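Here is how the chains run, residue by residue.
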Amino acid sequence: MSLALTAGAVGHAGRPPAAPCPRSTEAAPTDPDDLSDFDDFSDEADEELEPTGAQAQTSLRPGRNRERVEELVRTEKDYIGDLEVLLRVINETISSSGWGEGAGLHLRPLLGNVVQVMSAAKRFLADLEAALCNSEEDMQVGRVFLQHANDLCEVYKVYCSNYNVEVIPLLKKYEGEEDAQLALKTVTEELRRNKAHLIDVNSVLIKPVQRVLKYPLYLNELLRGTPAHHRDQKNLEAAQGRINEAAREINEYTRAIDLVHKYRADTDHSLQGKMKRVNFHSIVKKSNRMSTYVSQKLGIMNQTTSSKFIAEEARFRSVQKGARALAEHVSNVVDAVRARHAAELLIAEALEDIFPWALEAPKVKEVTLDTCNRLLQQFDHEIEERVLVPVRTVEALCEAPDRLLAKTQDKLLDFDAAQSRLQATKDSAKVAAVSPLVWLKARALEEEEAQARETYGALHRQLLAELPELNDRAVIVLEIATRSLVAARLYFQGHLAKLYLQLTAETSGPFGVRLLQKHKKPPPGLKGNQIGSNIISKKSLSPLIFPSFAPPDFG
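Predicted model, so just to flag it, every value in this text is computed and none were measured.

1. Digging into the confidence of the model for the chain
Then, in step 1: On average, residues of the chain carry a pLDDT of 77, and 74% of them reach 70 or more.
Then, in step 2: Here helix H18 (residues 538–545) stands out as the least confident element of the chain, with mean pLDDT 38; helix H5 (residues 114–132) is the most confident, with 93.
Then, in step 3: Ignoring residues within four places in sequence, the model shows residues 1–20, a span with pLDDT below 50, making 38 contacts including any to other chains.
Then, in step 4: Within the model, the stretch residues 525–555 combines pLDDT values under 50 with 31 contacts to residues more than four positions away or in other chains.

2. Some words on the packing of H5 against helix H6 (residues 141–174)
Then, in step 1: Taken N-terminus to C-terminus, the directions of H5 and H6 make an angle of 170 degrees; their axes are 9 Å apart at the nearest point. In terms of axis orientation, H5 runs roughly antiparallel to H6. From H5, Val114, Gln116, Val117, Ala120, Ala121, Arg123, Phe124, Asp127, Leu128 and Ala131 reach across to H6, where they touch Val141, Val144, Phe145, Gln147, His148, Asp151, Leu152, Val155, Tyr156 and Tyr159.
Then, in step 2: When grouped by side-chain class, the residues that make up the contact of H5 with H6 number 14 nonpolar, three polar and three charged.

3. Thoughts on the pattern of salt bridges
Then, in step 1: One pass over the structure, following the stated rule, counts 31 salt bridges.
Then, in step 2: Here Arg317 and Glu313 are joined by a salt bridge, their closest N and O atoms 3.7 Å apart. Taken as a pair, Arg317 and Glu313 lie in helix H13 (residues 307–354) at a separation of four residues, close to a single helical turn.
Then, in step 3: Glu479 is the partner of Arg483 in a salt bridge, and the nearest nitrogen-oxygen pair spans 3.4 Å. Highlighted residues: Arg483 and Glu479, both in helix H15 (residues 436–506), separated by four residues, approximately one helical turn.

4. As for a nonpolar patch on the surface
Then, in step 1: A cluster of nonpolar side chains, namely Met290, Tyr293, Val294, Leu298 and Ile300, defines an oily patch on the protein surface of about 540 Å² accessible area.
Then, in step 2: Looking at the secondary structure, you find Ile300 in the loop between helix H12 (280–297) and H13.

5. Looking at H6
Then, in step 1: For H6, spanning 34 residues, the distance from its first C-alpha to its last is only 42 Å, which falls clearly below the expected 50 Å at 1.5 Å a residue.
Then, in step 2: Roughly 50 degrees is the biggest bend found in H6, and it falls at His148.

6. Quick notes on the nonpolar core
Then, in step 1: Of all hydrophobic cores here, the largest spans 62 residues; its most connected members are Phe145, Tyr156, Tyr174, Leu191, Leu205 and Tyr215.
Then, in step 2: If you list the elements that add at least two residues to this core, you get helix H3 (64–95), helix H4 (107–111), H5, H6, helix H7 (178–194), helix H8 (201–205), helix H9 (207–224) and helix H10 (233–264).
Then, in step 3: It is H6 that contributes the most residues to this core, 14 residues altogether.
Then, in step 4: In this structure, Tyr263, Ala323, Cys398 and Leu496 belong to the second largest nonpolar core, which totals 41 residues.

What counts and what doesn't
- Residues numbered from 1 in each chain as written.
- Predicted model: local features only at pLDDT ≥ 70, side-chain atom pairs only at ≥ 80, totals over all residues.
- Heavy atoms only, no water.
- pLDDT = per-residue confidence, 0-100.
- Helix = DSSP H or I, 4+ residues; strand = E, 2+ residues; numbered from the N terminus.
- Contact = heavy atoms within 4.5 Å.
- Axes fitted to C-alpha atoms, helices over the stretch in contact; angles between N-to-C directions.
- Parallel < 35°, antiparallel > 145°, perpendicular 65-115°, else oblique.
- Nonpolar A, V, L, I, M, F, W, Y, C, P; charged D, E, K, R; others polar.
- Salt bridge = Lys/Arg side-chain N within 4 Å of Asp/Glu carboxyl O.
- Patch = residues over 30% accessible without salt bridge, like charges linked within 9 Å, V, L, I, M, F, W, Y side chains within 5 Å.
- Areas by Shrake-Rupley, 256 points an atom, 1.4 Å probe, with all protein chains shown as cover.
- Expected span 1.5 Å × (residues − 1).
- Bend = angle between axes of the 7 residues up to and from the residue.
- Core = buried A, V, L, I, M, F, W, Y, C linked by side-chain atoms within 4.5 Å.
- Buried < 20%, exposed > 50% of the residue type's maximum accessible area, 1.4 Å probe, protein only.

Now the structure itself:
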């Protein structure tokens with residue numbers, strides 16, 4: 001695969017590059033990407049960084065914030081440069097040598113939306129450089145963070161979730177594939193030739209995940225070094241809250257995608273696969289869920305509901321049922337049309353055998369053969385490509401959400417059961433003296449309830465975000481497929497009408513009557529009295545052999 005956009009071509013989305021600031025930003029290089037998970041946004045991590053005494057005085061000394069912004073700008077440039085090197089190496093090494101997909105490398109999932117991440121980082125960097133050109137009193141870095149917070153959150157949450165779901169499993173898979181290892185080795189060698197600190201492909205791919213974790217720490221440092229009367233103080237406080245919120249959004253989105261990927265990948269629904277998953281723990285869980293479900297139906301236990309989610313699930317079930325029914329019924333219609341014209345061909349062949357002397361019989365057979373060999377095949381092709389393939393695609397797309405909805409219902413039952421157990425424990429603690437055992441039990445139930453809430457909430461939010469889009473697009477596909485079915489039938493019937501009208505125009509009269517008039521003498525093997533004195537007369541014979549044809553009314 002050749003990337004359509006090289007690293008150097010990614011610009012600032014239409015804006016001109018910021019003018020270089022005359023102030024120097026040279027300093028000892030630091031590694032901005034030394035974190036590996038999202039736990040660093042915890043309150044405990046912030047408390048460890050609280051300055052005391054001399055540290056606080058150092059933080060407020062003049063010029064300190066400028067140094068921090070200069071460090072932020074420098075490390076942002078280095079970070080973008082590393083991503084550019086990766087894309088350039090992939091374009092020049094893998095694409096030009098014919099590797100990539102041919103070597104077993106799945107470049108699209110491996111790189112994710114790295115181009116969008118780099119573009120957002122460049123826009124952010126341009127505004128940081130512009131802010132750095134102001135004096136320290138007028139420098140408003142907090143405003144820059146606020147302006148770019150939403151953009152950064154959107155691109156980084158997609159990249160981080162893709163890194164967890166796609167990149168890590170792919171790199172692990174490539175360890176056992178010789179061709180992929182050779183391609184990665186070549187890329188690694190080129191990376192080291194360009195920048196020595198890039199030890200392998202993963203050392204670059206993980207940088208966006210690490211980089212987004214550094215922004216709250218930079219904001220913390222800037223906020224500590226900003227006097228209360230500074231014009232950027234409120235912006236920095238707002239930016240700190242927004243970036244921390246963005247980090248939580250990234251966390252939640254990544255967890256939701258992990259869960260979706262986990263349950264969507266569970267595709268072994270055979271009896272053997274189901275039996276492998278049966279154990280004591282699974283039996284207990286299913287029993288508890290059934291008990292919770294019955295208790296809710298009897299009104300003994302409260303049930304968590306979401307009207308919006310219920311409405312979207314109902315729409316999804318309607319789409320799923322409609323796609324399945326449409327595919328089944330269209331297949332039946334096609335089979336019926338094939339059977340009808342196959343029967344007509346048999347009739348035409350029989351007529352030719354019965355009346356070998358008749359000139360019209362071969363014409364009838366010719367029309368039916370043309371229908372079966374040309375028109376019917378074209379009709380089958382149109383139905384397959386324009387109706388059945390789209391509808392079956394919708395059916396296939398509904399399989400994963402169907403499993404996720406079932407799993408979400410299970411997690412909802414677990415959450416409601418955990419809530420009920422926790423509430424019962426709290427109620428019992430109110431009427432009796434709280435013992436350490438009861439307190440420990442309540443604490444364990446609170447943790448269980450929080451975990452169940454988090455798991456259910458992640459699946460619920462993800463489905464609620466994606467089901468409406470799936471439903472809307474599926475409805476459009478099914479509507480187009482239905483229109484295509486009608487158009488194909490009209491086209492087919494119109495061409496049939498044309499063929500048979502041409503056939504009737506070529507014949508001067510009813511086929512059966514002209515047969516009898518033409519052959520005054522009986523054919524060999526027939527007695528004279530068998531022509532007009534049997535059950536079927538000349539008058540009644542013609543409509544049975546070739547009934548009068550009325551062209552269809554297409555409106």
